[in-house]
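Here is what each chain is made of, one letter per residue.
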Amino acid sequence: MSVHDGGRGGAVGDLGTFRGELHGCLTARGDALFELVDAVLCADGPVRSLPALSLVAEHRRGHGALYDALAAGRVDVGRLRSALVSAPMPRAADGRIVLAVDVTCWLRPEAHSSPERILCHTAGRSKGEHVGVPGWPYSFVVALETGRSSWTAPLDAVRLVPGADLSAVTARQVRDVVAGLVAAGHRQSGDPDIWIVMDAGYDAARLAWLLRDLPVRVLARLRSDRVLRRAAPARLPGELGRPRRHGGEFIFGDPASWDTPDVTTTTDTRLYGTATARAWHRLHPRLTRRAAWADCPDLPILPGTLIRLDVARLPSGATAKPVWLWYSASIGDDSGDSGHDPDAALVDLLWQAFLRRFDIEHTFRLLKQTLGWTVPKLRDPHAADRWTWLIIAAYTQLRLARPLAADLRRPWEKPAAPQRLTPARVRRGFRHLRTTTVCPASAPKSSRPGPGRPRGRPNRHPTRRHDVHTVTSNDTAKTNPKKKKPTDPRPRRTG
């Protein structure tokens, strides 16, 4: 197993410790918020309605207290982050910690009274079609494990506000998570570098530069139309002029520019057939002074290893296209594998770690379709943030209860080993595990509902309507200034 296994007694202790710490993180309306998390975990079937959770036996309060807890409750996010990184941490096959970052959206197309909505890119009905739908995008950081599993360990989530820089927000998240992992003792001096795995939507070079002082490496997928540069050739004796910063081009779409790869590996896989990986060392992107690098006085050279992965087939039967991966070179001194180019064994671990990145998609699907993360129609984005952290805490309890759960399978489902249970199967038996662990929430006190607005008096304070944030021409003019065309252009040369 890739997770810490201290036996059944250790799992009970880890679950009870986290539940007690979770209750301490709920600084206002703590009992109501804690029972709301238990209702999410003990409900029969997927969560389809927020007030329906007040009918679950583990939720001893009414639906009014439920909404009041989300609206006026408080969550100590810093303390909850520390509790998440202090729990048993999954690791990769070689014992290192692998973190995956990705953005998923809480779509709110009809919430005109909800502020800070952004147009989120969602997949359309046609192939390759993308539709912009208003919503709240959230950036997640999760820890991955090895093997055939859909489990991850969510460690942080931040809502992207309008105008936020995705690279800066992600770098801040990774920095906080790595600091928490070091403080919790999961990463010590001399251990292998932490891998940050991401898809092609991220600026890998920018993140590698922002995280250059941490013992981390960036592993990102690149688009197939990219061009990288080789290292500059050595300066010849007596050569005049400015020294060259870049070498020859490496064009992804032109095999003639590739040359002989430094590493080539071939692996037989069960799902993809023969997987061939070719790696070229010391390739870097050519940076220009625009966008995030506009204020950088000296553009850095960020070398890395480029990997091309080719597989024989795909499980879906679609045409298998090559995957390009870029692995940044580490410049830290505290890492256990800095200063070395990846060998054949490490190249295989890299592309296998990238395939494990898709486990985060299973986590997003469980959060939305089973735990009901995007079910509530909340108006305030801060209430949505509180609900998001409660859902992350609920998922973490399922992960800690994984060694304790029994297989309560449906008649049409195949039996599964205790360590092979999915998060949905663990949730089925959480109601039985709840009675054996810590339940710090106190019993509710009797109260009467407020008088509300007097009958017959209309609402004189209508809710404010908010527009969806979109990139305007003024915003683009600041980042990408266009040159003005001259009013009296010179005649075009013909000779």
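Residues numbered from 1 in each chain as written. Predicted model: local features only at pLDDT ≥ 70, side-chain atom pairs only at ≥ 80, totals over all residues. Heavy atoms only, no water.

J.: Go over the overall build of the protein chain, please, and point to the residues and values.
T.: Scanning the protein chain from N- to C-terminus turns up twelve helices and 14 strands. The C-alpha atoms of the protein chain give 26 Å as radius of gyration, which agrees with the globular expectation for 495 residues (23 Å, within 12%). With the C-alpha coordinates aligned to their principal axes, the bounding extent of the protein chain is approximately 90 × 65 × 45 Å. Here the protein chain holds 495 residues, and 44% of them are scored as buried. A sequence separation of at least 24 residues applies to 68% of the contacts in the protein chain between residues at least 6 apart. Per element, the accessible surface of the protein chain, about 26600 Å² overall, is 51% carbon and sulfur. (Helix = DSSP H or I, 4+ residues; strand = E, 2+ residues; numbered from the N terminus. Rg over C-alpha atoms; globule rule 2.2 N^0.38 Å. Buried < 20%, exposed > 50% of the residue type's maximum accessible area, 1.4 Å probe, protein only. Contact = heavy atoms within 4.5 Å. Areas by Shrake-Rupley, 256 points an atom, 1.4 Å probe, with all protein chains shown as cover.)

J.: Lay out unusual backbone geometry with the relevant residues and their values.
T.: A positive phi angle is found at Arg 29, which is not glycine, with a value near 55 degrees. Given the relative accessible area of 41%, Arg 29 is considered partly exposed.

J.: Tell me about the confidence of the model for the protein chain, and name the residues and values.
T.: Taken as a whole, the protein chain shows an average pLDDT of 88; of its residues, 91% reach a score of 70 or greater. Predicted confidence is poor over residues 1-5, with pLDDT under 50, and the contacts of this stretch with residues over four places away or in other chains come to eleven contacts. Of the regions scoring below 50 in pLDDT, residues 332-336 engages in 14 contacts with residues more than four places distant in sequence or in other chains. (pLDDT = per-residue confidence, 0-100.)

J.: Break down the state of the cysteines for me, citing the residues and quoting the values.
T.: Enumeration according to the criterion identifies zero disulfides in this entry. Left unpaired, Cys 120 is separated from the closest cysteine sulfur, that of Cys 105, by 3.4 Å. With a relative accessible area of 3%, Cys 120 lands in the buried category. (Disulfide = S-S within 2.5 Å.)

J.: Quick one: what's the story with the side chain of Asp 359, residue by residue and with numbers?
T.: If you trace the backbone, Asp 359 turns up in helix α8 (residues 359-369). You can call Asp 359 buried: its relative accessible area is 4%. Excluding residues that lie within four positions of it along the chain, Asp 359 makes contacts with Leu 144, Glu 145, Ser 149, Ser 150 and Thr 152.

J.: Outline the nonpolar core, listing residues and values.
T.: Counting residues in each nonpolar core, the largest one holds 119 residues, and the members touching the most others are Leu 53, Leu 99, Phe 250 and Trp 387. Looking at this core, the element that brings in the most residues is helix α9 (residues 381-400), giving twelve residues. If we ignore the near neighbours within four places in the chain, the residues touching Trp 387 are Leu 36, Val 40, Leu 50, Leu 53, Leu 70, Trp 106, Leu 371, Gly 372, Trp 373, Pro 376 and Leu 378. Listed in part, the six residues of the second largest apolar core include Leu 287, Trp 293, Cys 296 and Leu 302. (Core = buried A, V, L, I, M, F, W, Y, C linked by side-chain atoms within 4.5 Å.)

J.: So what's going on with the packing of aromatic side chains? Which residues, and what values?
T.: Tallied over the entire structure, the rule returns 16 aromatic pairs. Measuring from centroid to centroid gives 5.5 Å for Tyr 138 and Trp 373, while their planes differ by 75 degrees, and the two rings are edge-to-face. Here Tyr 138 is found in strand β5 (residues 130-144), whereas its partner Trp 373 is found in the loop between α8 and α9, with 235 residues between them in sequence. Of the two residues, Tyr 138 and Trp 373, neither departs from the other in class, the shared state being buried. Centre to centre, the rings of Phe 140 and Phe 364 are 5.3 Å apart; their planes meet at 65 degrees, and the pair counts as edge-to-face. Taken together, the positions of Phe 140 in strand β5 and Phe 364 in helix α8 put the pair 224 residues apart, joining distant regions of the chain. Across the pair, exposure class does not vary: Phe 140 and Phe 364 are buried alike. Through a chain of ring-to-ring contacts, the aromatic side chains of Trp 106, Trp 136, Tyr 138, Phe 140, Phe 364 and Trp 373 assemble into a single cluster. Lying over the aromatic face of Trp 293, Arg 206 brings its terminal NZ or CZ to 4.9 Å of the ring centre. (Phe/Tyr/Trp six-rings, centres within 6.5 Å; stacked < 30°, edge-to-face > 60°. Lys NZ or Arg CZ within 6 Å of the ring centre and 35° of its normal.)

J.: Explain the pattern of salt bridges residue by residue, including any values.
T.: Within the structure shown, the criterion is met by 31 salt bridges. Close ionic contact of Glu 413 with Arg 428 constitutes a salt bridge, the shortest N to O distance being 2.9 Å. Of this pair, Glu 413 sits in the loop between α9 and α10 (423-428) while Arg 428 is found in helix α10, placing the two residues 15 residues apart along the sequence. Connected through salt bridges with shared partners, the residues Asp 102, Asp 199, Arg 221, Arg 357 and Glu 361 form a single ionic network. (Salt bridge = Lys/Arg side-chain N within 4 Å of Asp/Glu carboxyl O.)

J.: Could you give an account of the packing of helix α4 (residues 77-86) against α9, naming the residues involved and the relevant values?
T.: Relative to each other, α4 and α9 sit at 20 degrees, their axes nearing to 12 Å. By the angle between their directions, the pair α4 and α9 is classed as roughly parallel. Note on packing geometry: the crossing formed by α4 with α9 is left-handed. Residues Val 77, Leu 80, Arg 81 and Leu 84 of α4 form the contact with α9, whose participating residues are Trp 389, Ile 392 and Thr 396. Its residues assigned to classes, the contact of α4 with α9 comprises five nonpolar, one polar and one charged. (Axes fitted to C-alpha atoms, helices over the stretch in contact; angles between N-to-C directions. Parallel < 35°, antiparallel > 145°, perpendicular 65-115°, else oblique. Left-handed = near helix turned anticlockwise from the far one by under 90°. Nonpolar A, V, L, I, M, F, W, Y, C, P; charged D, E, K, R; others polar.)

J.: Pulling in residues and values, what's your account of the pairing of strand β4 (residues 118-123)?
T.: The alternating pattern of β4 places Ile 118, Cys 120 and Thr 122 on a buried face, while none of Leu 119, His 121 and Ala 123, on the opposite face, is buried. With six bridges connecting them, β4 and β5 associate as antiparallel partners. Across the sheet, residue Thr 122 finds its bridge partner in β5, namely Val 131. (Pairing = 2+ DSSP bridges.)

J.: Please provide a residue-by-residue account of the pairing of strand β9 (residues 227-230), values included.
T.: Note that β9 and strand β10 (residues 249-251) share three bridges and pair antiparallel. By the bridge assignment, Arg 229 is partnered in β10 with Glu 249. Bridge count for β9 against strand β12 (residues 273-284) is two bridges, and the pairing is antiparallel. Looking across to β12, one finds that Arg 229 is bridged to His 284.

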